[in-house]
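The chain contents come next:
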Amino acid sequence: MDVQLNDGLGDAGHLRAAIDEADIVPLLLVLAHLSGDEAILDEAAPYIHGAWNFMHTVPPALQVGIRDRLAEVLRDYDSTGRALPATPPAHLLRKMLNVGVGQAVPEEYVPLLLEEMRLGEVDPRSVAWRARPPAEVLAGFRAVVIGAGLSGLCMAIKLREAGIPFTIIEKNPTVGGTWYENTYPGCGVDTPNHFFSYSFAPNHDWPEHFSKRNELWGYLERCADEYDIRRDITFDTEVTAARWDAARARWDVTVREADGATATLEANVLITAVGQLNRPSIPDIPGLKDFPGPVFHTGQWDHSQSVVGKRVAMIGTGASGMQAGPSIAPDVEHLTIFQRTPHWSVHNPNYHARVSAGKIWALKNIPFYAKWNRFLLFWASSDGLHASLQIDPDWPMPDRSLNATNQQFRDLLIAHITKELGERTDLLPKVVPDYPPYGKRMLRDNHWYRMLTRPNVDLVTERIDHIDPDAIVTRDGARHPAEMIVLATGFQAGRMLWPMQICGREGDTLRDRWGDDDPRAYLGITTPGFPNLFMLYGPNTNLGHGGSIIFHTECQVHYIMQALREMLEHDIASLECRQAPHDAYNARVDAAHRNMVWSHGGVGNWYKNARGRVIANSPWRLVDYWAFTRGFSSTDFVLGQPDR
Ligand code: NAP
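Model, not experiment: these values are computed from the prediction.

With that settled, consider the pattern of salt bridges. This model, assessed by the stated rule, comprises 50 salt bridges. Across the pair R16 and D20 runs a salt bridge whose closest N-O atoms are separated by 2.9 Å. Of this pair, R16 and D20 both sit in helix α1 (residues 12-21), separated by four residues, roughly a single helical turn. Judged by its relative accessible area of 42%, D20 is partly exposed. Residue R16 is joined to D68 by a salt bridge in which the shortest nitrogen-to-oxygen separation is 2.8 Å. Of the two residues, R16 sits in helix α1 while D68 sits in helix α4 (residues 60-80), which places them 52 residues apart along the sequence.

And the structure:
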């Protein structure tokens, strides 16, 4: 890799400006990486207290020293043309990891982190052939992927890389899935963007640390083009059913085309990539159907209806409401928010910050800056909180918090809410949850509390009784005038893969086995009775403690690619997950969840089903799930040979 000091924004002046603007800790790590200087790490170590870029107190003079040294080192590499060191030697690497995040990084994370950073040119998550199958074998094989959102695209990119033919069936006219469909005002990501992007396709141009929907969708559109995936996608077509044909070891996949006609495709393997949060949940409130004004769900925002100057009612205060509410409040005449249960939300100083031009230059041009930055963001938002989400059976305040750390966090969150509400202390009892932090999805404060103090915003906590043509009426009899209703009421997460009818080896459907809300799968990916069916973002793979769903998707894709390699290299017609590993895995999932915050009796959330079983979330640390999916053991499967 060449140092490109004269590319991008231009000359050495730009380099200096970028070095002055970029974050000090990734710069420090780049300096150590390029110079091998351990002493500078020792000097900075006492001032680094965490992985976020606001968690250091490196003194200004030391910062100047680091920036000056780095400029010198880069000029030296540039003028001498010396090759850059790829991966630092082991002892230096360990020190860099530890100093960078202000704590000892356990050994088990090192290979994961190296993968995530992708320091070399080769993608360590690519599954290479051990013995490449003959071209005719590959040509005779077909995967059908359902959905061209971020997991379907990830799958397709890896299938393409391996030369495995595939077709994606996508119900929308273009790619992007959730990032295409959700267009509500304020829609954006709340995982840091430089980590919320494929590890193999970093984007250095994110305009914000937490970018908005158009940027996310644009990124996925670009990935579809850059990896030339679009030609293998059938758009405007929806999979309605799939049936396993055991004699031919094939899936017959029924699709409904744009004109309503149906057709059947054949697939050796069927890979679902439809997300957990795709089918809106519409509340059954008396009068809602007859409301004469516009009514729409956040996931299906009707942009033909202006909110400007209207009396708008918004039902629901989850992640979508948190972003939509503050975004429309300045424009509406009045916003009445109906809250059933308050959510916890955390402040992050980067949440509303744009990425400066200098930082973008650094990400693009300073060798390894983007990679070390990704490591820091990964660490900042991954497994750090996992241990604190375990229930301490001896904790004296089990209704409010889980343990001492969780209580400390609760106190911090309440301090933030109190500061934001200022004089409106009357709102405190309404907005402070009575359950432990993380019981529901932790939100990022999008100036929610400040919004609640606006004169044109009301927060109603009384339950809704019914809806009249001109008002929402609560159980206390109060009428809340409304001309337009926004349903920020979430999705039917428990009904995974619904409404598709997927019929397996024994003639029953997934719905028959799972019921309405009890999906189960081995590793969240594969389930007995349904050979050659692989799921992305399946049961128990949602992340509730941290991390990025893209990371989890990459783990699942890696596992599926290993399964396909096994099939194609060894002439295996079908792989069906055995009952025993499936049941043992799910027993472990359930046991792990029993001790975790989402099982807390005092809170409802979309993570668990009607019987309280957590069905959406993974109980595992990222490093655990990564380890589970890093290898593939065919002993977990019944192998079917081709019927010749
Ligand atoms: P959600 O978290 O399920 O929130 C739905 C809200 O609607 C809750 O406040 C719920 O109250 C309320 N509600 C549901 N039915 C109701 C009814 N009949 N009457 C009154 N209130 C009702 O849905 P979401 O906000 O769309 O978020 C879903 C998930 O999508 C998130 O957890 C997240 O994973 C993802 N998401 C992410 C982002 C992001 O990255 N920034 C943004 C949006 C969504 P209760 O709490 O009482 O049930």
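Let us now look at the sheet that holds strand β6 (residues 262-267). Taken in spatial order, the four strands of this open sheet run β6-β5-β4-β18, and their pairing is mixed. The sheet terminates laterally at β6 and β18 (501-503), the two strands that pair on one side only. Across the sheet, the axes of successive neighbouring strands diverge by a mean angle of 20°, strand direction being ignored. Here seven bridges tie strand β4 (residues 238-245) to strand β5 (residues 250-256), and the two strands are oriented antiparallel to one another. Residue pairing for β5: W244 is matched across the bridge by W251.

As a further point, take the site of the ligand. Taken together, 23 residues sit near the ligand, with A319, S320, T341, K440 and R441 positioned nearest. In the model, an oxygen atom of the ligand is placed 2.7 Å from a nitrogen or oxygen of the S320 side chain. In this structure, an oxygen atom belonging to the ligand sits 2.9 Å away from a side-chain N or O atom of R340. Coverage of the ligand by the protein amounts to 83% of the 900 Å² it exposes when considered alone. A class-by-class count of the residues in the shell around the ligand yields nine nonpolar, ten polar and four charged. The residues that make up the shell around the ligand include at least three from each of domain 2 (135-279 + 494-581 + 617-640) and domain 3 (295-344 + 400-434 + 437-487).

The next subject is the pairing of strand β1 (residues 143-146). Where burial is concerned, the two faces of β1 agree: the one with A143 and V145 and the one with V144 and I146 are both buried. Relative to strand β2 (residues 166-169), β1 runs parallel, the two being bridged by four bridges. The residue of β2 that forms the bridge with V145 is I168. Regarding the hand of the β-α-β motif, the stretch spanning β1, helix α8 (residues 150-162) and β2 is right-handed. Examined bridge by bridge, β1 and strand β7 (residues 269-272) share four bridges and lie parallel to one another. From the neighbouring strand, A143 faces β7, where its bridge partner is V269.

We now examine the packing of aromatic side chains. The geometry of an aromatic ring pair is captured by the separation of the ring centres together with the interplanar angle, meaning the angle of the planes. According to the stated counting rule, one finds 23 aromatic pairs in the structure shown. Ring geometry for Y198 versus Y219: centroids 5.9 Å apart, planes at 40°, classification tilted. Placement of the pair is Y198 in the loop between α9 (178-181) and α10 (213-226) and Y219 in helix α10, with a sequence separation of 21 residues. A relative accessible area of 5% means that Y219 is categorised as buried. What links up through ring pairs into an aromatic cluster is the set Y198, F200, W206, Y219 and Y227. The ring of F200 has K158 lying over it, and the distance from NZ or CZ to the ring centre is 4.6 Å. For R495, the ring lying beneath its charged end belongs to W498, and the centroid distance is 4.2 Å.

This part is about empty space enclosed by the protein. Tallied over the full model, the rule gives eight cavities of 30 Å³ or more. Along its surface, the largest cavity is lined by 18 residues, and D23, N53, H209, N373 and L377 are the ones closest to its centre. Contributions of two or more residues to the lining of the largest cavity are made by α2 (24-35), α12 (357-365) and α13 (369-380). No other element matches the four residues that α13 contributes to the lining of the largest cavity. Looking at which domains feed residues into the lining of the largest cavity, each of domain 1 (13-105 + 354-383) and domain 2 (135-279 + 494-581 + 617-640) gives three or more. Of the voids in this model, the second largest cavity is the one considered here, and its volume is about 70 Å³. Taken together, T317, M322, Q339, P342, H343, W344, S345, V431, L443, W448 and Y449 form the lining of the second largest cavity. Looking at side-chain class alone, the lining of the second largest cavity contains seven nonpolar, four polar and no charged residues.

When the domains of the protein chain are assigned, the result is domain 1 (13-105 + 354-383), domain 2 (135-279 + 494-581 + 617-640) and domain 3 (295-344 + 400-434 + 437-487). Placing a centre on the C-alpha atoms of domain 2 and another on those of domain 3 gives a separation of 34 Å. A buried area of about 1100 Å², summed over both sides, lies between domain 2 and domain 3, and 44% of it is on carbon and sulfur atoms. On the domain 2 side of the interface with domain 3, the three residues burying the most area are Y184, P185 and D190, jointly 55% of the side's total. Linking domain 2 to domain 3 there are one salt bridge.

The five strands lie next to each other as β3-β2-β1-β7-β19, forming an open sheet whose pairing is parallel. The strands lining the two open edges of the sheet, one partner per strand, are β3 (233-234) and β19 (533-535). Sheet topology places β2 next to β3; two bridges connect them, and they run parallel. Pairing of I169 across the sheet is with T234, part of β3. Along the sheet, α8 makes contact with β1, β2, β3 and β7, crossing β2 at roughly 170°. The strands touched by helix α18 (residues 549-569) are β7 and β19; relative to β19, the strand with the most contacts, the crossing angle is about 160°.

Rules used throughout
Residues numbered from 1 in each chain as written. Predicted model: local features only at pLDDT ≥ 70, side-chain atom pairs only at ≥ 80, totals over all residues. Heavy atoms only, no water. Salt bridge = Lys/Arg side-chain N within 4 Å of Asp/Glu carboxyl O. Helix = DSSP H or I, 4+ residues; strand = E, 2+ residues; numbered from the N terminus. Buried < 20%, exposed > 50% of the residue type's maximum accessible area, 1.4 Å probe, protein only. Pairing = 2+ DSSP bridges. Axes fitted to C-alpha atoms, helices over the stretch in contact; angles between N-to-C directions. Near = heavy atom within 4 Å. Polar contact = N/O pair within 3.5 Å; in protein donor to acceptor, adjacent residues only side chain to side chain. Areas by Shrake-Rupley, 256 points an atom, 1.4 Å probe, with all protein chains shown as cover. Nonpolar A, V, L, I, M, F, W, Y, C, P; charged D, E, K, R; others polar. Domains from an automatic or database assignment. Right-handed = clockwise from strand over helix to strand, strands pointing away. Phe/Tyr/Trp six-rings, centres within 6.5 Å; stacked < 30°, edge-to-face > 60°. Lys NZ or Arg CZ within 6 Å of the ring centre and 35° of its normal. 1 Å grid on protein atoms, 1.4 Å probe; cavity = no way out; pocket = protein on both sides within 12 Å on 5 of 7 lines; lining within 4 Å. Points joined across faces, edges and corners; volume = space filled by probe spheres on them. Buried area = accessible area lost by both parts, 1.4 Å probe. Contact = heavy atoms within 4.5 Å.

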